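Each chain, letter by letter, is given below.
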Amino acid sequence: MKQFIQDLAEKHNNQEKQLLQILREIQACYHYIPEQAIEQLSGLLSIPRTRITGVVEFYSFLHLTPRGQYELLISDCITDHMRDKKDLTGYLAEKLNVAVGAVRKDGLVSLDNTSCTGMCDQGPAGMVNGYALTRLDRDRIDRIADLINRREPLAAWPADLFYVDDTVAKPGLLLKQPIMQGAALRAAFKRGLKATLAEIEQSGLRGRGGAGFKTAMKWAFCTGEAQSERYVVCNADEGEPGTFKDRVLLNSFAHQVFEGMTLCAAITGARQGFLYLRGEYLHLYDRLQEILHQRRQAGLLGSNILREGLDFDIDIHLGAGAYICGEESALIESLEGKAGIPRNRPPYPVTHGYLGKPTVVNNVETFFAASAIAVNGADWFTQVGTEKSAGTKILSISGDCARPGIYEYAFGTTIQTVLNDCGAMDVLGVQMGGPSGTFISNQEFDRKLAFEDLATGGSVIIFNESRNIFDIVHNFTHFFAHESCGFCTPCRVGTSLLRKQVAKIHEGHGSAGDVAALEELGRLIKGYSHCGLGQTAANPVLTTLERYPELYQNKLKKISYEPGFDLDGALDIARRLAQRDDAAAHLSQVGDHD
Amino acid sequence: MTDKVKVATVSLAGCFGCHMSLLDIDERIVQLADQVEFIRSPLTDIKRCTDCDIGLIEGGVCNSENVHTLREFRKHCRILVAVGACAINGGLPNYRNYVPLEECLGESYLDGIGVENPHIPNDPELPLLLDKVYPVHEVVKIDYFLPGCPPAADVFWKFLTDLLEGRDPALPYELIHYD
């Protein structure tokens, strides 16, 4: 191990900012981060060991205690649950003789849940040693269990288990007409870089991650900073449950995405770029490296790009299971090898980003669109969309519909059109923009896809009338409680309290004041949290409470109060230890005053 | 005497520090005594709670007796108040929540240094411990919360005088910030 760690650290030039990448490789090799490795790394990277344990404890895919040699994770997205995820996980646990959340005694296999893995159109999904598994059913689970019990190396597993489909169901302006390699850069150099920035400004392109900041303005701010070093970062930490469009863009259109990053570098003067790829998309890593290699060969990356004197290269950094790293300042912290805790903003990354230098952070789809605009011009882009939302939006559609997949629509399209196209029937409601977005009811399907109406990062989850609102809200509040980074109290404590309070009402222990308490708690978390995660964590509760107040009220018992936990059950241990079962050794669930 | 507002107080899984802090209102207690009558309270040594206006609960809920006492208070008090960190969050006693109850009792009564005649106490007179220490609002409905460890004497004073004078109780920022 000593030699392995030393070589690994050397490969990364003993740099502290490479810590997360180094730890990922140690985890992949040993299935945990051994104490010895931490000791040794602390010396090699000249950082305190607590810095290292802090990072290990922060990321879901890193562990201080051994996981199985086959580390199985099952996606816990609501879309997986809608396809019997719970039963299948139980079946898998039984087949492998391992409890969920545990490592089997022989150390061969461990099983656990993980947040949405971005396979919502082909779930239930999971991962084995970081590699995506799709379309899980009993047959596939039998095969997987058999492969594991036979200790078949992962490389020898049949490829169909790992097959990830792109399912582009409805291409639009951008997806119908991908650019030729190098076309955007050539067009930009021909037109002039300033004129190209002006073209992007004129196109009205806004960030596609959800927040919708004007792209040209961001690039101009970064360029305007009096600094010699700048960075371009592509945010491919697509963690919002229900989103998977970036996965498809990176699988089928990576050239165009990298070209958009290079274009941004040409305009801003950055020499280094990063693709921050979520750990769940490990299966794309080698392929993306190959494409970067091809681009270097073709003179589209590296030094003196297209002989225009532009020097720029791109590194790929892998995440390790942390939704919060989709927040741009947390992402930058993670790029620097730290725990992904959001920074105070301002200053924004465009002035103080990676290593404190001006940094443009844009979504995969934004870079993808920017390179198309550089080739085809602003007028081509603005021919569709609305006044405030130009162009198109790529949606990831999943849930109760006949044809889940990737759909590209002009802004201004109604939700009803979207539902018709994907074959959604008897719809109860749609979760727009994932758990952090808005739940809309079937009374609102004339609303439009647009920054000025329904803004979305691209997640569209459809629920039909057989679904229970509380199952949905419960799943989403659980997600936020799990993903809270723990930095600020309103979010760390609030999201857990929210989960408990939702569970209390969901399980039928709610009474008179409980919905009011839930709403008050939701508003507190929204108003006082440090970053977007906390500020949106109560949205599933608040947006459904607004639409279905009677549903919540009907859940309440007609008494003044009941505890949310089994009060008598809380005495079980003491009863057993004291070997008592007399009347005084029991408690009623509700007091006689209620 | 009968016109006075009746107040009951109790310390569940607490340290009586909140009660001590209440006494820190010093000579104002004379003024308070003109308006309120303490019924069930460690200050009066009356053991049972009867109908009253305000119940002040110090401490969290750690055993079955705490549950019964708390319910008795809820039944008889018009306004029930969680007082201090332990009542609100479990406070110091809830540090045992990180250790399984088996281990807590094992260390105290079976395996600890100097334990003689090791056995888990099982007299029916003794209340059984809950698996965890719970905040009071997870067991009964609570109307108001007075934060602090303990809440400062002025917090008690402001809260009680607000109620006595018919105002909606409100604590100014100076009374609830701690740095």
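Residues numbered from 1 in each chain as written. Chains lettered and ligands numbered in written order. Predicted model: local features only at pLDDT ≥ 70, side-chain atom pairs only at ≥ 80, totals over all residues.

## Observations regarding the overall build of chain B
Stated precisely, the cut-off is as follows: Helix numbering and strand numbering both begin at the N terminus, where a helix is a DSSP run of H or I of at least 4 residues and a strand a DSSP run of E of at least 2. Burial is judged by counting the other C-beta atoms within 10 Å of a residue's own C-beta: 20 or more makes it buried, 12 or fewer makes it exposed, and any count in between marks it as partly exposed, with every C-beta position built from the backbone. By definition, residues are in contact whenever their C-beta atoms, placed on the basis of the backbone, come within 7 Å of each other.
Helix and strand counts for chain B come out as seven helices and seven strands. The order of α-helices and β-strands along chain B, N terminus first, is β-α-α-β-β-β-α-β-α-α-β-β-α-α. Overall, the C-alpha framework of chain B stretches about 55 × 40 × 30 Å when taken along its three principal axes. Per-residue burial over chain B gives 37% buried out of 179 residues. In chain B, the share of contacts with a sequence separation of at least 24, taken over all contacts with a separation of at least 6, comes to 77%.

## What about the overall build of chain A?
Rule in force here: Our radius of gyration is a C-alpha quantity, and the globule rule it is checked against amounts to 2.2 Å times the number of residues to the power 0.38.
When you go through chain A residue by residue, the secondary structure sums to 24 helices and 16 strands. For 594 residues, the compact-globule estimate of 2.2 N^0.38 gives 25 Å, and chain A sits close to it at 25 Å. Dimensions along the principal axes, computed over C-alpha positions, put chain A at roughly 90 × 60 × 45 Å. Looking at the 594 residues of chain A, the share that counts as buried comes to 52%. A separation of at least 24 residues holds for 72% of the contacts in chain A among residues at least 6 apart in sequence.

## Here's the deal with helix H20 (residues 514-528) of chain A
Residue and element names in this part refer to chain A. The following threshold applies: What a helix is expected to span follows from its residue count: subtract one and scale by 1.5 Å. The arc in question is formed by the directions pointing from the helix axis toward the C-beta atoms.
Between its terminal C-alpha atoms H20 stretches 21 Å, which fits the 21 Å expected from 15 residues at 1.5 Å a residue. Those residues of H20 that sit buried are Asp514, Leu518, Leu521, Gly522 and Ile525. Down the axis, H20 shows its buried residues gathered within 100 degrees of arc, on one side only. Across H20 from its buried face, at more than 90 degrees, point the exposed residues Ala516, Glu520 and Gly527. At its buried positions, H20 is contacted by helix H19 (489-506), helix H21 (532-537) and helix H22 (539-547).

## Quick look at the nonpolar core
Nonpolar side chains tend to gather and get buried jointly when the protein is soluble and globular. Our working definition: A set of buried Ala, Val, Leu, Ile, Met, Phe, Trp, Tyr and Cys residues, joined through C-beta atoms within 7 Å, is what we mean by a nonpolar core.
With 164 residues, the main nonpolar core has A:Val233, A:Val257 and A:Cys264 as its most contacted residues. Sequence-distant contacts of A:Val257, that is, excluding residues within four places in its chain, are made with A:Cys234, A:Leu249, A:Leu250, A:Val364, A:Phe367 and A:Phe368. The next biggest cluster of nonpolar side chains, apart from the first, holds 49 residues, and it includes B:Val61, B:Val83, B:Tyr134 and B:Val155.

## Brief notes about the pairing of strand E14 (residues 427-432) of chain A
Residue and element names in this part refer to chain A. Test applied: A pair of strands counts as paired when DSSP detects no fewer than two bridges linking them.
Across the six residues of E14, five count as buried, placing the element largely inside the fold. Of the pairings in the sheet, the one linking E14 to strand E16 (residues 459-464) comprises five bridges and is antiparallel in character. Looking across to E16, one finds that Val430 is bridged to Ile462. In this structure, E14 lies alongside strand E15 (residues 438-441), joined through four bridges in antiparallel fashion. From the neighbouring strand, Gly429 faces E15, where its bridge partner is Ser441.

## What about the domain arrangement of chain A?
Which entries qualify depends on this criterion: Where each domain begins and ends follows an automated or database-derived domain assignment.
Segmentation of chain A into domains returns domain 1 (2-58), domain 2 (70-165), domain 3 (169-382), domain 4 (394-467) and domain 5 (470-554). Measuring from the centre of the C-alpha atoms in domain 1 of chain A to the corresponding centre in domain 4 of chain A gives 43 Å.

## Focus: the interface of chain A and chain B
Keep this limit in mind: Classes in brief: Ala, Val, Leu, Ile, Met, Phe, Trp, Tyr, Cys and Pro nonpolar; Asp, Glu, Lys and Arg charged; the others, Gly included, polar.
Every contact between the two is made by 22 residues of chain A and, on the other side, 21 residues of chain B. Looking at the side of chain A that touches chain B, its residues break down into 12 nonpolar, six polar and four charged.

## Re unusual backbone geometry
All names here are of chain A. With an omega of -5 degrees, the peptide bond between Gly123 and Pro124 qualifies as cis. Among the structural elements, Pro124 can be located in the loop between strand E3 (109-114) and strand E4 (126-128). The peptide bond linking Arg345 to Pro346 adopts the cis configuration, its omega dihedral lying at -5 degrees. By the element assignment, Pro346 lies in the loop between helix H14 (328-335) and strand E11 (359-363). Phi angles above zero are rare outside glycine, and Asn304 is one such case at about 50 degrees. When you line up the elements, Asn304 lands in strand E9 (residues 302-305). Exposure remark for Asn304: the 10 C-beta atoms within 10 Å place this residue in the exposed category.

## Thoughts on helix H2 (residues 19-30) of chain A
Each α-helix winds once per 3.6 residues, and so residues spaced three or four apart point in a common direction. Residues and elements named next belong to chain A. Between its first and last C-alpha, H2 extends 16 Å over 12 residues, near the 16 Å set by a 1.5 Å rise per residue. Among all positions of H2, only Leu19, Leu20, Ile22, Leu23, Arg24, Ile26 and Gln27 are buried. Of the surrounding secondary structure, the elements contacted by the buried residues of H2 are helix H1 (2-11), helix H3 (35-44), helix H4 (49-58), strand E10 (310-318) and H14. Phi for His31, located one or two positions after H2, is positive at around 65 degrees.

## Comments concerning the pairing of E11(A)
Residues and elements named next belong to chain A. A large share of E11 lies buried, amounting to five of its five residues. Where strand E7 (residues 231-236) lies against E11, five bridges are found, and the strand directions are parallel. Its bridge partner lying in E11, Asn235 is registered against Asn363.

## Points about the sheet that holds strand E2 (residues 102-103) of chain A
Residue and element names in this part refer to chain A. A sheet is described by the order of its strands in space; here five strands give the open sequence E2-E3-E1-E4-E5, paired in mixed fashion. In the strand order of this sheet, the two ends are held by E2 and strand E5 (131-133), each with one partner. Across three bridges, the pairing between E4 and E5 is antiparallel. What sits directly across from Gly126, in E5, is Leu133.

## Notes on the environment of A:Thr543
Residue and element names in this part refer to chain A. By the secondary structure assignment, Thr543 is in helix H22. The sequence separation of Thr543 and Ile440 amounts to 103 residues, and the corresponding C-alpha distance is 7.8 Å. If we ignore the near neighbours within four places in the chain, the residues touching Thr543 are Thr438 and Phe439.

## Some details on the environment of A:Ala226
Along the chain, A:Ala226 turns up in the loop between helix H10 (215-224) and E7. Taking the C-alpha atoms as reference, A:Ala226 lies 35 Å from A:Lys245; in sequence the two are 19 residues apart.

## Focus on the sheet that holds strand E13 (residues 405-410) of chain A
Residue and element names in this part refer to chain A. What counts is decided by this rule: In this analysis an axis means a line fitted to C-alpha atoms, helices contributing only their contacting stretch, and an angle means the value between N-to-C directions, from 0 to 180 degrees.
Within the open sheet, the six strands sit side by side as E6-E13-E12-E16-E14-E15. Their pairing is mixed. Looking at the sheet topology across the chains shown, the edges are occupied by strand E6 (168-170) and E15. The mean angle between the axes of side-by-side strands here comes to 30 degrees, regardless of whether they run parallel or antiparallel. Of the pairings in the sheet, the one linking E6 to E13 comprises two bridges and is parallel in character. Looking across to E13, one finds that Val168 is bridged to Ile406.

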